[in-house]
Amino acid sequence: MTHREVDVLAIGAGPANLALAAAIEECGDTELAANTLLLEQAPDIKWQRDLLMPWARSQVSFLKDLVTLRNPRSKFSFLSFLHDHGRLDHFVNLGTFHPYRWEFSDYLQWVATSLERVQIRYSAQATGITPDRDAQDAITGWTVTLTDGDTIHCRDLVIGGGRDARIPEPFTQLPADRVIHSSTYRGRIAEIPKDEPVRAVVVGGAQSAAEMFYALHENLPQSQITMVVRSIGLQNYQTSKFVNELFFPSFVDDFYDTPQEVRAQVLDEMRFTNYAGLAPPFLDELYTMLYRNRMLGTQRSEVRALTEVTGARMEDNDVVLDLRDRKTGKESPLRCDLVLLGTGYDTRMPALIRGLAEHAGLGQVSVSRNYRVDLGASTPGAVYLQGVNEATHGIADSLISVLAHRSHDIVTDLLTRRSTAEAGAAR
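(A) Focus on the environment of F104. Structurally, F104 can be placed in helix α5 (residues 101-114). With residues near it in sequence (within four places) discarded, F104 still touches W47, D65, F78, P99 and I400.

Here you go:
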């Protein structure tokens, strides 16, 4: 077991903290960059690792990469990545703003390997965070414990590891080997023999559920697949250019200053811009696949709309789902072998953050406009949260759209606090 000291420790090396790492490298403070460490629990960097289907595309423009909206001249841009790999001409010739997901994932790994000062430690998972305090009980920093027993102390902590998977109540009592959440899809589905005749049920009506439904036709070609959708049917994302202005980084200021009850209303109205719909081109492709299979007599899948799961249990080695038809109120059982959940993520703060809040004595987690947690009285140590602040910073907080500007906000706050501390020490 080893112990290490750094200035800034960022948990998670996904898009959020990679954008932060690039901003720190470009902020001009080389000492800060050299004393910043990112922790990544996997042995490499993959974006949406378990939904990296070869045909899946990003729904966000490549110009909303990790850096371009903050610094169009940055060497860490997506276009720089393409140029470095000799693919710029071919990508331009595609005539699209939406790269394949695997290509954007490769871009993230390229950014990670292009960092000159900020370091990344792979295969490092944080299991607990405790605050360090001085004689006056002020938080001076944080000690993070890893699964291998190593500890890392930092003054400033940034948590950007994403939310915890949401497993709805009816499915929590099923055996773990019978349930696959979208966050583990590719790894888990690869464990099943391709020729096995699996009866699979996909639950959910948004992008991740639809992608699993589509992919199962190739991954398990002998399977029978049912998709259960509570709403009236699969629907497009809202893609109005007027609505999309709510994803501008500048909208974060407006949203943050809005009364809490109004923010909740706006978030509810924006559900179909991200959480409750599909990208229009993919929705068309999905419908075309079902039509083609039906016409060719190879139909082995169906979408059951206006249907909800009211219960789930094991019976004679089958998973039995109790389905309720919302049109008639009639309930009926559906037997299957495997349940795949496209049910999204828990809206609560992740367990790691809740544990930190408990150790720090926080009744609730409140975040400033610059993403810094309110720790009460002024403290030398700080913690910043990325991607979990929708309630205060808007629906784009968990998306790529605001990464470049958010990293600028956090770095600016880091530098300001350091400058203030140094000025105070000089007096």
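(B) Layout of the nonpolar core. One finds Y107, W142 and L157 to be the most contacted residues of the largest nonpolar core, which totals 81 residues. Looking at this core element by element, the count peaks at 8 residues for helix α1 (residues 15-25). Leaving out residues up to four positions away in the same chain, L157 has contacts with L9, I11, I129, W142, V144, L356, A382, V383 and Y384. With 31 residues, the next largest nonpolar core counts Y185, A200, F213 and M289 among its residues.

(C) Just the side chain of S74, in detail. With respect to the helices, strands and loops of the structure, S74 is situated in the loop between β2 (36-39) and α3 (78-84). Residue S74 is classed as buried on the basis of its relative accessible area of 3%. Polar side-chain contacts of S74 include one of 3.0 Å to the backbone nitrogen of F76. Each residue touching S74, except ones within four places of it in the same chain, is listed here: E26, V67 and S80.

(D) Structural view of the pattern of salt bridges. Tallied over the entire structure, the rule returns 26 salt bridges. Of the charged contacts in the structure, one is a salt bridge between E26 and R70, with a shortest N-O distance of 2.8 Å. With E26 in the loop between α1 and α2 (30-34) and R70 in the loop between β2 and α3, the pair connects residues that are 44 residues apart, well separated along the chain. Judged by relative accessible area, which is 28%, E26 ranks as partly exposed. Through salt bridges with shared partners, a single network forms among R199, R313, E315, D318, D322, R335 and D337.

Rules used throughout
- Residues numbered from 1 in each chain as written.
- Predicted model: local features only at pLDDT ≥ 70, side-chain atom pairs only at ≥ 80, totals over all residues.
- Heavy atoms only, no water.
- Helix = DSSP H or I, 4+ residues; strand = E, 2+ residues; numbered from the N terminus.
- Contact = heavy atoms within 4.5 Å.
- Core = buried A, V, L, I, M, F, W, Y, C linked by side-chain atoms within 4.5 Å.
- Buried < 20%, exposed > 50% of the residue type's maximum accessible area, 1.4 Å probe, protein only.
- Polar contact = N/O pair within 3.5 Å; in protein donor to acceptor, adjacent residues only side chain to side chain.
- Salt bridge = Lys/Arg side-chain N within 4 Å of Asp/Glu carboxyl O.

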